[in-house]
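Fold and contact review
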Amino acid sequence: MSLELDVRRRFATDGRVFELHAQLQCTHDVTVVFGPSGSGKSVTLQAVAGLLQPDAGFIRLGGRVLFDADRGIDLPARLRRVAYVFQDYALFPHLSVARNVAFPLTRWWQRRPPAAVATRVAELLDTFEIGHLAESYPAQLSGGQRQRVALARALVGEPELLLLDEPFSALDPLLRERMRQELLRLRARFQVPMVVITHDPDDVASLADEVIVFRDGRVAARGDTQTLLAEVESGPQVRRAMRRFLAGAVNGEPSSGDA
Amino acid sequence: MFDAGSGLLATAWVPLLLSLKVAGWATALVLVAGVAIAWAVARRRFRGREVLDAVMTLPMVLPPTVLGYYLIVLLGRRGWLGAWLHEQLGVVLMFTWQGAVIAAAVVAFPLVYKAARAAFEGVPTQTENAARVLGATEWAVFVRVTLPLAWRGILAGTMLAFARALGEFGATLMVAGSIPGKTQTLSIAVYEAVQAGQDDMANFLVLVTSVVCILVLVGSGRLLRVRTS
């Protein structure tokens, strides 16, 4: 996979101006985008998914141009083949688990999913160990179950890229580690590259092949686990967080004081 | 006694059926227009959105006589739209039951519009975006996500609009007059009965109107309760 983007967008609300200028090249299987809230991670992912239009720049995925301001290209979200797991999962509250997962493969005039789709959905639900919840509704599910439904729904259409926005923030800490391992198994099984947004250093430690650090609407640092620390000198918060991340990543050994 | 009763029923039957017909058509018109405009105001950003919202709510606060006057100016023989309709299509709306439908629709419109707008604004944009990312066209988003999540509110507003259309008096009288069997609806028949000193008739018509409206309000109240629970 190669996701390549260089986008700019200016936000002005109540007199405060936020300038996003994100430049990324993701070539790894799992890229983690790390940064404090309000640093521009989420809006960047929304731009990739086609939910937010940048003012300028381009977004390319594999050989395809998803967005190019100069050439007037802006592929609608539904044609991008980019799946998005929202922070609160955004399940359809009026549809059962099975119907939620079948949603991308059901046309608007079909009252129920075609038989082939129903079989495929049933298999996928079993893969995610939520087969017994097929007829339940989102309001009846626990946080971990909701996340599995959201993942199954995102993957059923075989997207080329999976975006996850703070996937574990709504879960309790004990469940988080389990879901991280589950996500890694998914990557192996579905062969789908992922971009994960987080502000939790533990996510970086467990998941990242590559990490990109956002600050103030810009990419402050990027790199693999070994070379990262030297690049994030500025900003005590980021550094403290990244130290913890490094400590976890390098076999649990605390990083030597570098400063 | 029995004869008098059945006579009343027979006399009430004509305006009751006419009222139901007028209110039914008015509700159908208002449902389509109200949902479409409410969706646009709730989900689209365009110039003049606030002004449109105010104009669409106006019939709620303007006296029915003022609305009736506007309709006469618009739909009358020499009216802006009325003249065109008459010359091009040979259609006359003044003093017809179709004219009564238009009057009832205008008065009832804000009830559907307000309810539908609130219902659409209660649907999280995030949920609609989830559908877009999953490959849904804008039409599919509306039919499969927005409408199923908003229909209860819309339906409750529609039932209120039906009750309002059923009781419409002022604008209808000005536009359609009070022609027995043709444009004399239930509420106008009540007025005529009282004016003519027919107290039995007035009592009976008032009772019928009240019962129908109570049924509609209980129904819409039940829908709203299910939604909030």
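Residues numbered from 1 in each chain as written. Chains lettered and ligands numbered in written order. Predicted model: local features only at pLDDT ≥ 70, side-chain atom pairs only at ≥ 80, totals over all residues.

1. Describing the overall build of chain B
Quick reminder of the rule: The secondary structure listing takes helices from DSSP runs of H or I that are at least 4 residues long and strands from runs of E that are at least 2 residues long, numbered from the N terminus. Whether two residues are in contact depends on their C-beta atoms, placed from the backbone: they are in contact if these lie within 7 Å.
Broken down by element type, chain B carries 10 helices and zero strands. Dimensions of chain B along its principal axes, counting C-alpha atoms only, are 70 × 45 × 30 Å. For chain B, the proportion of contacts with a sequence separation of at least 24, taken over those separated by at least 6, is 74%.

2. Topic: the overall build of chain A
For clarity, the cut-off: With C-beta atoms placed from the backbone, the exposure class of a residue follows from how many other C-beta atoms lie within 10 Å of its own: 20 or more, buried; 12 or fewer, exposed; in between, partly exposed.
Secondary structure assignment for chain A yields eight helices and 11 strands. When each of the 259 residues of chain A is scored for burial, the buried share is 42%. Across chain A, every contact between residues at least 6 apart in sequence was considered, and the portion connecting residues at least 24 apart equals 64%.

3. Comments concerning the interface of chain B and chain A
Just so we agree on the cut-off: Here the nonpolar group is Ala, Val, Leu, Ile, Met, Phe, Trp, Tyr, Cys and Pro; Asp, Glu, Lys and Arg are the charged ones; every other residue, Gly included, is treated as polar.
Contacts between chain B and chain A engage 17 residues on the former and 17 residues on the latter. Elements that contribute at least two residues to the side of chain B that touches chain A include exactly α6 (125-133) and α7 (138-166) of chain B. Sorting elements by how many residues they give to the side of chain B that touches chain A places α7(B) first, with seven residues. Taken together, the residues that form the side of chain B that touches chain A break down as 10 nonpolar, five polar and two charged.

4. Remarks on the pairing of strand β2 (residues 16-26) of chain A
When a strand is regular, its side chains alternate between the sheet's two faces. Residue and element names in this part refer to chain A. Quick note on the threshold: Only when DSSP finds a minimum of two bridges between them are two strands counted as paired.
The sheet contact formed by strand β1 (residues 3-13) and β2 spans 11 bridges and is antiparallel. When the bridges of β2 are listed, Arg-9 appears paired with Leu-20. Remark: two residues form the turn of the hairpin made by β1 and β2, two consecutive strands paired antiparallel; Asp-14 in that turn has positive phi of roughly 50°.

5. Observations regarding helix α1 (residues 41-49) of chain A
Within α1(A), nine of the nine residues are buried, which leaves it mostly tucked inside the rest of the structure. Backbone geometry just after α1(A) places Gly50(A) at a positive phi near 90°.

6. Notes on the nonpolar core
Heads up, the rule is: Working definition: the nonpolar core is a set of buried Ala, Val, Leu, Ile, Met, Phe, Trp, Tyr and Cys residues, joined through C-beta atoms within 7 Å.
Counting 73 residues, the largest nonpolar core has Val101(A) and Leu163(A) as the members making the most contacts within it. The biggest single contributor to this core is helix α4 (residues 143-155) of chain A, with six residues. The contact partners of Leu163(A), leaving out residues within four places of it in the chain, are Leu45(A), Val48(A), Ala49(A), Val82(A), Ala83(A), Tyr84(A), Val85(A) and Val195(A). Counting residues in hydrophobic clusters, the runner-up holds 56 residues, among them Ala12(B), Val22(B), Leu29(B) and Ala105(B).

7. Some points on the environment of Ala193(B)
Residues and elements named next belong to chain B. Position of Ala-193 relative to the elements: it lies in helix α9 (residues 186-195). Taking the C-beta count within 10 Å as the criterion, Ala-193 has 21 such neighbours and is therefore assigned buried. C-alpha of Ala-193 to C-alpha of Leu-71: the two residues are 122 residues apart in sequence and 26 Å apart in space. Here Ala-193 is in contact with Gln-198, Met-201, Ala-202 and Leu-205, once residues within four sequence places are set aside.

8. A look at the confidence of the model for chain B
Any segment with low pLDDT has predicted coordinates that should not be analysed in fine detail. Here is the rule: pLDDT expresses, on a scale from 0 to 100, how confident the predictor is about each individual residue.
With 96% of its residues at a pLDDT of 70 or more, chain B has an overall mean of 90. Predicted as a complex, the structure gets a pTM of 0.83 and an ipTM equal to 0.84.

9. Some points on the confidence of the model for chain A
Residues and elements named next belong to chain A. In this model, chain A carries an average pLDDT of 84, and 86% of its residues clear a pLDDT of 70 or more. The weakest mean pLDDT in chain A belongs to helix α7 (residues 228-231) at 52; the strongest belongs to helix α2 (residues 97-102) at 96. Under a pLDDT of 50 for its full length, residues 248-259 has, in the predicted model, 13 contacts with residues more than four places off or in other chains.

10. So, the packing of helix α3 (residues 64-75) of chain B against helix α5 (residues 97-121) of chain B
All names here are of chain B. Applicable threshold: Lines fitted to C-alpha atoms define the axes here, with helix axes fitted over just the stretch in contact, and angles between the N-to-C directions of these axes take values from 0 to 180 degrees. Each angle is binned into one of four classes, with values under 35 degrees roughly parallel, values over 145 roughly antiparallel, values of 65 to 115 roughly perpendicular, and all other values oblique. Working rule for handedness: look at the near helix, and if it is turned counterclockwise from the far one by less than a right angle, call the crossing left-handed; if clockwise, right-handed.
One can describe the packing of α3 onto α5 by two numbers: an axis separation of 10 Å at closest approach and a directional angle of 130°. Considering the angle they form, α3 stands oblique to α5. Seen from above, α3 lies across α5 with right-handed handedness. Along the contact surface, α3 presents Pro-64, Leu-67, Gly-68, Leu-71 and Leu-75, while α5 presents Gly-99, Ile-102, Ala-103, Val-106 and Val-107.

11. As for unusual backbone geometry
Excluding glycine, residues mostly have negative phi values, and the peptide bonds linking residues are mostly trans. Not every positive phi belongs to a glycine, and Asp216(A) is a case in point at roughly 55°. The backbone of Phe95(B) sits at a positive phi, close to 60°, despite the residue not being glycine. In this structure, Phe95(B) sits in the loop between α4 (80-89) and α5.

12. Comments concerning the environment of Leu141(A)
All names here are of chain A. For Leu-141, the location among the structural elements is in the loop between α3 (115-127) and α4. In this structure the C-alpha to C-alpha distance between Leu-141 and Val-97, which are 44 residues apart in sequence, comes to 9.4 Å. Discounting residues that sit within four places of it in the chain, Leu-141 has contacts with Leu-133, Ser-136, Arg-146 and Val-149.

13. Section: the pairing of strand β8 (residues 161-165) of chain A
All names here are of chain A. Most of β8 is tucked away, with five of its five residues classed as buried. Side-chain alternation along β8 places Leu-161, Leu-163 and Asp-165 on one buried face and Leu-162 and Leu-164 on a second face that is also buried. In terms of strand pairing, strand β7 (residues 82-85) meets β8 through four bridges, oriented parallel. Of the residues in β8, the one forming a bridge with Tyr-84 is Leu-163. With four bridges joining them, β8 and strand β9 (residues 194-198) adopt parallel strand pairing.

14. Some details on the environment of Ala208(A)
Residue and element names in this part refer to chain A. Assignment of secondary structure puts Ala-208 in the loop between α6 (201-207) and β10 (210-215). Sequence separation between Ala-208 and Asp-224 is 16 residues; the distance between their C-alpha atoms is 8.1 Å. Once residues lying within four places of it in the same chain are set aside, the contact partners of Ala-208 are Val-30 and Val-32.

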